[in-house]
Amino acid sequence: MSAVLVLAEVPALPLNEAGKYVAAAYIVLVIIILIYVSIMAIRLSRIERELGELLELSGAPKPEPEPAALAAHQESTPA
Amino acid sequence: MYGKGLRSLSIVTVAAMALALSLVFFYAPLEAEQGFLQKIFYIHVPLAIIALCGFVVGALFAIAHLRTRDSSWDMRSYVTIHMSLIFAVGALITGSIWAKGSWGHWWVWNEPTLVSFLIVFLLYATYQPLRFAIEDPERQSRYASVFAITAGAFVPMNFIAVRLSTAYLHPRVLGGTSNLPGSMRLTFMVSLAAVTLLFVTMCKYELTAKHTRAQVRALRRRLVGEDGSPARRGRTAVPAMGTQAAGRSGL
C-alpha cells in the first residue's frame, strides 16, 4: 500500500500518464516474443507435416505414441 | 547439434527475465526526475546494447566463415544479424515511447545517439535484400560475409563517434559519467543479463529450426531424389546449409 502511495506521489509525470508509456514499452517486448513464438510454432508444424510425408514415402510404419501419452489418453477416455 | 542445452537455457532465460522484471518493478527506486517513466530504461537500453553487440558478433562469425569457408558460420552470422535486427526494432520502439513520455516527441532528429542508431539499423536492414538479390549460394554467403564485416566494423566506430560528440541530450548509461545508484545499477545489470540470455536463446532456437529443416530437406532428397541445386532451391535469403556442416556444435 505504501509502495503504491510512493509511486503515486514521487514521479515527475503523474503515474496515470507515465504508467501508460511504461506499459506500452514492456508490451512491445512481450509482443516481439509472442510473434517470434508464433513464427516458430508455424515452422514446427510445417516440419512435422514434412516429416509425416517423408515417413509415408519411406513406407515405414507410423511411430507408436509414447507410453506416457498413451496412458494419459486411456485415462481421459471414458470406460 | 544446435539444440543441445536449449531446454536448460530456456528455463534459465525465463527465470532471468522474471527476476529482472521483479527487480525493475519492486526493487529499483524511482528516479528523481522522471519517476516511474524511467522504468523503460531497464528494457530499452539492454535491447539497444544487445542489438549492437549482436551486429558485431555477426561480423566475427562472418570472419570465421571467410577464413574456413564453413557454411555453418555463415548461418550463425545470418541468424545473429537477423535477431539483432529484431532487437533493434524493439529498442527503436521502446526508445520512441520513452522519448514521447520524457521529451514530448516520438523522435528527436538533432540527437546523435538516436540518429546514429537509426543509421546502423537502416544499414543492416539492407542485409536481407542483399542476400536475396544473389541467387548463387556460394556467392551470396561470401558477399553477405563481406557486408557483415564492413558493417560490423562501422558499429563500434559509430558508437565512439557519438561518444566523442559534444551534444549530450541522451543520457549516458555506462562509463565514467554514469551516476546510477547501486540498486539501479544492479537492476540494470540483471536486465542486461536477461536480455542477453533471451538473445542467445532465440538465436539457438532459430539455428535449431533451420538445421532441422535442412535435415528434413536432405532426407527428402535422399528419399525422393530431388536435387539440391541452386535452381531447385530457388531464390532465398537464407544461407544454404549442408547437413554435415549443420551437425557441428551450436552458437
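Use the structure listed above.
Reading the values: the criteria
- Residues numbered from 1 in each chain as written.
- Chains lettered and ligands numbered in written order.
- Predicted model: local features only at pLDDT ≥ 70, side-chain atom pairs only at ≥ 80, totals over all residues.
- Heavy atoms only, no water.
- Axes fitted to C-alpha atoms, helices over the stretch in contact; angles between N-to-C directions.
- Helix = DSSP H or I, 4+ residues; strand = E, 2+ residues; numbered from the N terminus.
- Parallel < 35°, antiparallel > 145°, perpendicular 65-115°, else oblique.
- Left-handed = near helix turned anticlockwise from the far one by under 90°.
- Contact = heavy atoms within 4.5 Å.
- Nonpolar A, V, L, I, M, F, W, Y, C, P; charged D, E, K, R; others polar.
- Buried < 20%, exposed > 50% of the residue type's maximum accessible area, 1.4 Å probe, protein only.
- Buried area = accessible area lost by both parts, 1.4 Å probe.
- Salt bridge = Lys/Arg side-chain N within 4 Å of Asp/Glu carboxyl O.
- Polar contact = N/O pair within 3.5 Å; in protein donor to acceptor, adjacent residues only side chain to side chain.

J.: What is the right way to read the packing of helix H3 (residues 71–103) of chain B against helix H7 (residues 182–224) of chain B from this model?
T.: Two quantities define a packed helix pair, namely the angle between the axes and the distance from one axis to the other. Residue and element names in this part refer to chain B. For the pair H3 and H7, the least separation of the axes is 10 Å and the interaxial angle reads 130 degrees. With respect to their mutual orientation, H3 and H7 come out oblique. Read as a crossing pair, H3 and H7 show a hand that is right-handed. Side by side, H3 and H7 meet where Met-75, Arg-76, Tyr-78, Val-79, Thr-80, His-82, Met-83, Ser-84 and Phe-87 of the first sit next to Val-195, Leu-198, Phe-199, Met-202, Cys-203, Glu-206, Leu-207 and Lys-210 of the second. Residue composition of the contact of H3 with H7, by class: 11 nonpolar, 3 polar and 3 charged.

J.: How should the environment of Val-89 of chain B be read in this particular structure?
T.: All names here are of chain B. Structurally, Val-89 can be placed in helix H3. On the basis of relative accessible area, Val-89 is assigned to the partly exposed category, the value being 33%. Along the backbone, Val-89 and Glu-31 are 58 residues apart, and their C-alpha atoms lie at a distance of 26 Å.

J.: Can you help me understand the interface of chain A and chain B in this one?
T.: Where interface size is given, it is often the accessible area lost as the parts come together that is meant. With 29 residues of chain A at the interface, the matching set in chain B holds 36 residues. Together chain A and chain B conceal approximately 2,900 Å² of surface at their shared face, both sides included; 78% is due to carbon and sulfur atoms. Remark: the boundary between chain A and chain B carries 3 salt bridges. Linking Glu-206 of chain B and Arg-43 of chain A is a salt bridge whose minimum nitrogen-to-oxygen distance equals 2.8 Å. Joining chain A to chain B, the criterion identifies 6 residue pairs in polar contact (both at pLDDT 80 or more). Only helix H1 (2–9) and helix H2 (15–58) of chain A provide two or more residues apiece to the side of chain A that touches chain B. At 23 residues, the largest contribution of residues to the side of chain A that touches chain B is made by H2 of chain A.

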